[in-house]
Each structure stands twice: as C-alpha cells, then as structure tokens.
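Examining the three-dimensional arrangement
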Amino acid sequence: MTYILNAFKIWFGKYSALEPWRRDDQGDRMSRGIVGRWLVAVLGAASVLISGCAYSVDPDELPGVYRNGKTGGEITLDSDGTFTATDLSTDAHTDPEDLHGHWDFVDSSGSDFVYLNIDERGIGEISGVQLYTRGGGKVEFSRPDGSWSLVLTKVSAQ
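Residues numbered from 1 in each chain as written. Predicted model: local features only at pLDDT ≥ 70, side-chain atom pairs only at ≥ 80, totals over all residues. Heavy atoms only, no water.

1. Here's the deal with the environment of D98
You can see D98 is positioned in strand β4 (residues 97-106). Using a relative accessible area of 55% as the deciding quantity, one classes D98 as exposed. Each C-alpha atom of the pair D98 and L88 lies 6.4 Å from the other, and the pair is ten residues apart in sequence. In contact with D98, other than residues within four places in its own chain, are A85, T86 and D87. One polar contact links the side chain of D98 to the main-chain amide nitrogen of D87, over a distance of 2.8 Å. (Helix = DSSP H or I, 4+ residues; strand = E, 2+ residues; numbered from the N terminus. Buried < 20%, exposed > 50% of the residue type's maximum accessible area, 1.4 Å probe, protein only. Contact = heavy atoms within 4.5 Å. Polar contact = N/O pair within 3.5 Å; in protein donor to acceptor, adjacent residues only side chain to side chain.)

2. Details of the pattern of salt bridges
Opposite charge on two side chains permits pairing when their charged atoms draw close. For the coordinates displayed, the defined rule picks out two salt bridges. Salt-bridge contacts for R67 lead to E74; the nearest nitrogen and oxygen are separated by 2.4 Å. Of the charged contacts, one joins R134 and E140 as a salt bridge, the two residues approaching to 2.6 Å between their closest N and O atoms. Judged by its relative accessible area of 26%, R134 falls in the partly exposed class. (Salt bridge = Lys/Arg side-chain N within 4 Å of Asp/Glu carboxyl O.)

Here it is, written out as structure tokens:
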C-alpha cells in the first residue's frame, strides 16, 4: 500500500525527495499533472458507473414467486421469512429438487443476497445457499466464476 501511495505522490509531484529533479523539467511536470488529473477523472467516473451497476434492493419488495422460464423451477419467498422451492437446482451439479426453510436478506457491500436456510438437511449436506438479488425483479443462483447461473424472475407479488 505504501508503494502505491508513494507512486501517487511522485506522479502528482508531492514527494519532496524528487522535487529538485522535477524542477529541472517543468514541461514534463505539467504534462504529468494534466495526465494525472485525467486519470483521476476517469477513475472517478468509472467508480460512479460501477457503483450504479450494483443493485440496491428493498427487502420488503422481495416476497413473491420467482420462476425460471426454461427449467420451470420456482421459489416462493413469503413475507413471514419462509420459502418453498419446487423443481429447483441450486448449482450446476445438483438435480432439481423441492426445498423449504427460512430466508434472510443480507445487505452486503459486494452483492446483496438472500440466504436460504434449508430445513431438514442432514450432517454433511448443504444446509444453506445464497440467492443473489439482481434488481428488476430478478434473483439468481450462480457460481462465483460465472460458469453457471440460474436466473429467476418475479412473476407475482404475495
């Protein structure tokens, strides 16, 4: 981290050890300053755009029925914090199954998700999964590397 901070100090001309060297070439200093300002502007714009892509979800709007048109898999998130799922596959390597249990909304800085705590799971079985919120009435199960996902779209409110 210190290396990065010192690099920025050198780039923006705030590192006193290099100040005599930088005074010799004022033209280079000015061009670095202009490039530095543009770099900051571009990085700032990119961060605004990226943060705008993160979907902010109101947990009160989550209850409802979500369905995948291709597989017919369906999950119902009830307002009392329970869920039921029919013919649903939660990852690429499991067969579709029926599940039920409790759900909780997790407001995470990286990506908001619904944690599904599956009832009646035994030792060694997965007892919970994450259902990621995508905004626009969509939620999805997905692999972290992006190699698989199942998107479910909200079809009706309860």
